[in-house]
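Structural overview
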Amino acid sequence: MATHPDTVTDWRVFATDHHLTHVALAGDAAVVTWSDHRTTPFQRFFLRDNCTCATCYLPLTREQLFEVTDAPADLAFASAQIAPEGDLVIGWSDGHVSRYAPGWLRSVAPDAASRAERHAARPRPSIWGGDHGGALPAFACAAIMADDRVLWQWLGAISTTGLTLVTEVPVSNHALLAPIARISHLRETNFGRVFDVRSKPQADSAAYTSVNLPPHTDLPTRELQPGVQFLHCLVNDAVGGESVFVDGFAIAEALRAEHPADFATLTTTPMAFWNRDDRTDYRWSAPAIALDAQGDVAEVRFANFLRGPIDAPAAAMAAIYAALRRFQAMTRNPRFFIERRLAPGDMWAFDNRRVLHARREFDPASGARHLQGAYVDRDEILSRWRVLARELGETV
Ligand code: OGA
Ligand code: ZN
Ligand code: ZN
C-alpha cells in the first residue's frame, strides 16, 4: 500500500492501494486513470484551488492563502504528467505549477464510483432500541482520567452509540468537571456552567420540579442545542425518578421506513420551543427531525414541555398532529426505550442532539434527589477524539 503522509495540509495519512497510470487533458478537466482502471475527471478550478505550494498555502497554519478568484477565468492546463514518484503534476497557462499526491487525489476524487465508496465508508451512528440495555457502553471514571485510550474509546462511544455510562465518579460537588476537563471546555447556559437538578420551590424549568419529564432533548429553545449532556448522580434516595433513554435516530429511521408521510412532516414542519423566566426569553423553531445534505438524520429536537403552539396552515394541522402523536407514541414504546436507575457516582454522557432522555415522576417527600449536569458541544468531542487518534497512532 502506498502511503503519503500529507505533512503540509493535515496530520492525516492518505493511503491508497492504487497508483496513477495515465493522465489526459479533456477540455475543462485533467482525466486520470488509476491502476484499478477507474478514471476520474478533475476540473481545472478544483485542481488549481487545491494547490498546496508555498505560494498558495501557509504551512504554518495549514490554511489556504490562494483564492480561486485570483486565477484568470480562462485559466487552462498547459501540461499534465505523472511524475516518476507517482504524483500528478500540472503546469498552468499562467506559468504556475501544482503537484498532487495520488493518495490525496483518491481521497477527494469526484467520480461517481469514488464518491459512492466514500459515502458507504462514512462513520454512521449505530442505532439502538429497547433491547440495547445490556450493551450500554460503560467506562470507569478513573480509567478515563488516567488512560488516553479509554478517553478516546469513551468519546468514540458517545459519537457512535450516543449514550454511555461513566461509573465511580466521586460523589462530591462538581466532580463531573474532572472527566469533562479531559475533553474540553463547557457549553455554558443560563442555567449555569453546572446545573443542579433538584426540586426547587421557585423552579424556572419543569426539570427543577418532581414531575414526570417526558422524553426530551435539553434546550431545543436554542438555535444550537447543546451537543453532549453529562448528568451526574449525587443523591437518589427518592421513590421514583428513574432515567429513560430513547435513540431519536432509531425512531427517525423507523418512521422513515414505516410511516414515510409522518417522517416527511416531521422533517419539514418547524416546531416552536420556548422557555422564559423573569430574566430570559428563549425561542427557537425548527423541525423535530433535521436531515443533512445527504438525507441522513443529523439531529432530533424535542421537548414537549417547551413546545409552543404550532405555526402552520390550518389545512396542515391534521397531518402534523398525526405525525406528532405517532412520534410521541414511539417514545413510549418499549421497542425504543431503555430504563435505568442512577446510583450515586453514576454519570450519563449522551448526545443531546440525538438521544431523548426522560425522568419518571418522583416523590420529594420520600427522600432526597440531586443530580448535577453540564454540556459540551459536539465539535469539542469530535476535535478531541481526532487529536487523541493522532497521538495514539489511530487512522481515522
Ligand atoms: C433535566 C433532566 C433528568 C433527571 O434536568 O433536563 O432531564 O433525571 N433531568 O432529573
Ligand atoms: Zn500553488
Ligand atoms: Zn433534560
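Residue numbers run consecutively from 1 along every chain, following the written order of its sequence. Chain letters and ligand numbers both follow the written order, the letters beginning at A and the numbers at 1. Given that this is a predicted model, residues contribute local features only at a pLDDT of at least 70 and side-chain atom pairs are listed and counted only at 80 or more, while totals for whole chains, interfaces and linings are drawn from all residues. With hydrogens and water set aside, each side-chain value is computed from the structure's full complement of heavy atoms.

**Brief notes about the coordination of the zinc ion (ligand 3)**
Only nitrogen, oxygen and sulfur atoms qualify as donors, and only when within 2.8 Å of the metal (3.2 Å in the case of Na, K and Ca); with water excluded, sites may look incomplete. His216 (NE2), Asp218 (OD) and His357 (NE2) make up the full set of protein donors to the zinc ion (ligand 3), lying at 2.0 to 2.1 Å. Sequence positions of the donors to the zinc ion (ligand 3) reduce to the motif H-x1-D-x138-H. For the pair histidine 216 and aspartate 218, one class covers both residues: buried. Per-residue accessibility, obtained with a 1.4 Å probe over protein chains only, is compared with the maximum for each type, and a residue is labelled buried under 20%, exposed over 50%, and partly exposed between these values.

**Looking at empty space enclosed by the protein**
Put simply, the grid is 1 Å and covers the protein atoms alone, a cavity is a trapped set of points that fit a 1.4 Å probe, a pocket is an open set with protein on both sides within 12 Å along at least five of seven lines, and lining residues have an atom within 4 Å of a point. Grid points are joined across faces, edges and corners, and a volume is the space filled by probe spheres set on the points. Counted under the stated rule, the structure contains one cavity of 30 Å³ or more. For the largest cavity, the calculated volume is near 340 Å³. For the largest cavity, the lining is made up of 27 residues, of which Ala207, Leu213, His216, Asp218 and His357 are closest to its centre. Comment: elements are numbered from the N terminus, with helices defined as DSSP H or I runs of at least four residues and strands as E runs of at least two. At the level of secondary structure, the elements contributing two or more residues to the lining of the largest cavity comprise strand E13 (195-197), strand E14 (213-216), strand E15 (228-236), strand E17 (243-247), strand E24 (355-359) and strand E26 (369-376). Classifying every residue of the lining of the largest cavity by side-chain character gives 17 nonpolar, seven polar and three charged. In this classification, Asp, Glu, Lys and Arg are treated as charged, Ala, Val, Leu, Ile, Met, Phe, Trp, Tyr, Cys and Pro as nonpolar, and every other residue, Gly included, as polar.

**Side note on the layout of surface pockets**
Of the voids in this model, the largest pocket is the one considered here, and its volume is about 1900 Å³. What lines the largest pocket is a set of 48 residues, and nearest its centre among them are Arg122, Pro123, Trp385, Arg386 and Val396. When residues of the lining of the largest pocket are assigned to their parent elements, the largest contribution, nine residues, is made by helix H10 (residues 378-392). Grouping the amino acids of the lining of the largest pocket by side-chain chemistry returns 20 nonpolar, twelve polar and 16 charged. Counting the residues that make up the lining of the largest pocket, at least three belong to each of domain 1 (20-118) and domain 2 (130-392). For the domain bounds, the source is a domain assignment made automatically or taken from a database.

**So, the pairing of strand E19 (residues 281-287)**
A regular strand places its side chains on the two faces of the sheet in alternate fashion. One bridge is not enough; two strands pair if DSSP finds at least two bridges between them. Inspection of the sheet shows strand E18 (residues 270-276) paired to E19 by seven bridges, in the antiparallel sense. Across the sheet, the residue bridging to tryptophan 274 is arginine 283, located in E19. What sits between the antiparallel neighbours E18 and E19 is a turn of four residues.

**Overview of the coordination of the zinc ion (ligand 2)**
Around a metal, the idealised angle for a tetrahedral arrangement of four donor atoms is 109.5 degrees; for an octahedral arrangement of six donor atoms it is 90 or 180 degrees. Cys51 (SG), Cys53 (SG), Cys56 (SG) and His96 (NE2) make up the full set of protein donors to the zinc ion (ligand 2), lying at 2.1 to 2.3 Å. Counting residues between consecutive donors of the zinc ion (ligand 2) along the chain gives the motif C-x1-C-x2-C-x39-H. Here the residue cysteine 56 occupies a position in the loop between helix H1 (44-49) and strand E6 (57-58), and histidine 96 occupies one in the loop between strand E9 (88-92) and strand E10 (97-100), the gap between them amounting to 40 residues. In this pair, the class of cysteine 56 matches that of histidine 96, namely buried.

**Things to note about the domain arrangement of the chain**
According to the domain assignment, the chain contains domain 1 (20-118) and domain 2 (130-392). Placing a centre on the C-alpha atoms of domain 1 and another on those of domain 2 gives a separation of 44 Å.

**Observations concerning unusual backbone geometry**
Even without glycine at this site, histidine 174 takes up a positive phi of about 60 degrees. Secondary-structure assignment places histidine 174 in the loop between strand E12 (163-167) and helix H6 (177-181). When its relative accessible area of 33% is taken as the criterion, histidine 174 is described as partly exposed. Positioned with a positive phi, leucine 219 is a non-glycine residue whose angle comes to about 60 degrees. Along the polypeptide, leucine 219 turns up in the loop between E14 and E15.

**So, the site of ligand 1**
Near ligand 1, the surroundings consist of Val197, Ala207, Leu213, His216, Asp218, Leu231, His357, Arg359, Arg369 and Leu371. Here an oxygen atom of ligand 1 and a side-chain polar atom of histidine 357 are 3.0 Å apart. Here a polar contact is recorded for every N or O atom pair within 3.5 Å, except that within protein the pair must consist of a potential hydrogen donor and a potential acceptor, and residues adjacent in sequence are included only if both atoms are side-chain atoms. Residue arginine 359 places a side-chain N or O atom 3.0 Å away from an oxygen atom belonging to ligand 1. Computed with a 1.4 Å probe, the accessible areas rest on the Shrake-Rupley method; for each residue, only the protein chains presented here act as cover. Relative to its free-state accessible area of 290 Å², ligand 1 is covered by the protein chains to the extent of 96%. Throughout, a molecule is located in a cavity or pocket provided that more than half of its atoms lie within 2 Å of its grid points. Mapping ligand 1 onto the cavity grids shows that it belongs to the largest cavity. Contributions of two or more residues to the shell around ligand 1 are made by E14, E24 and E26. Grouping the constituent residues of the shell around ligand 1 by class yields five nonpolar, two polar and three charged. For each residue, the test is whether any non-hydrogen atom lies within 4 Å of the molecule or strand; if one does, the residue is near.

**Things to note about the sheet that holds E14**
Sheet strands line up and pair through hydrogen bonds in the backbone, either parallel or antiparallel. With antiparallel pairing, four strands are arranged side by side in an open sheet as E14-E24-E17-E22. What marks the edges here is a single partner per strand, and that holds for E14 and strand E22 (337-340). Strand-to-strand twist across the sheet, computed as the mean angle between neighbouring axes with direction ignored, equals 15 degrees. Whether two residues are in contact is decided by their heavy atoms: any pair within 4.5 Å suffices. Axis angles are defined between N-to-C directions and span 0 to 180 degrees, where every axis is a line fitted to C-alpha atoms and, for a helix, only to the segment in contact. Its contacts with the sheet put helix H7 (residues 248-258) on E17 and E24, and the angle it makes with E17 is roughly 45 degrees.

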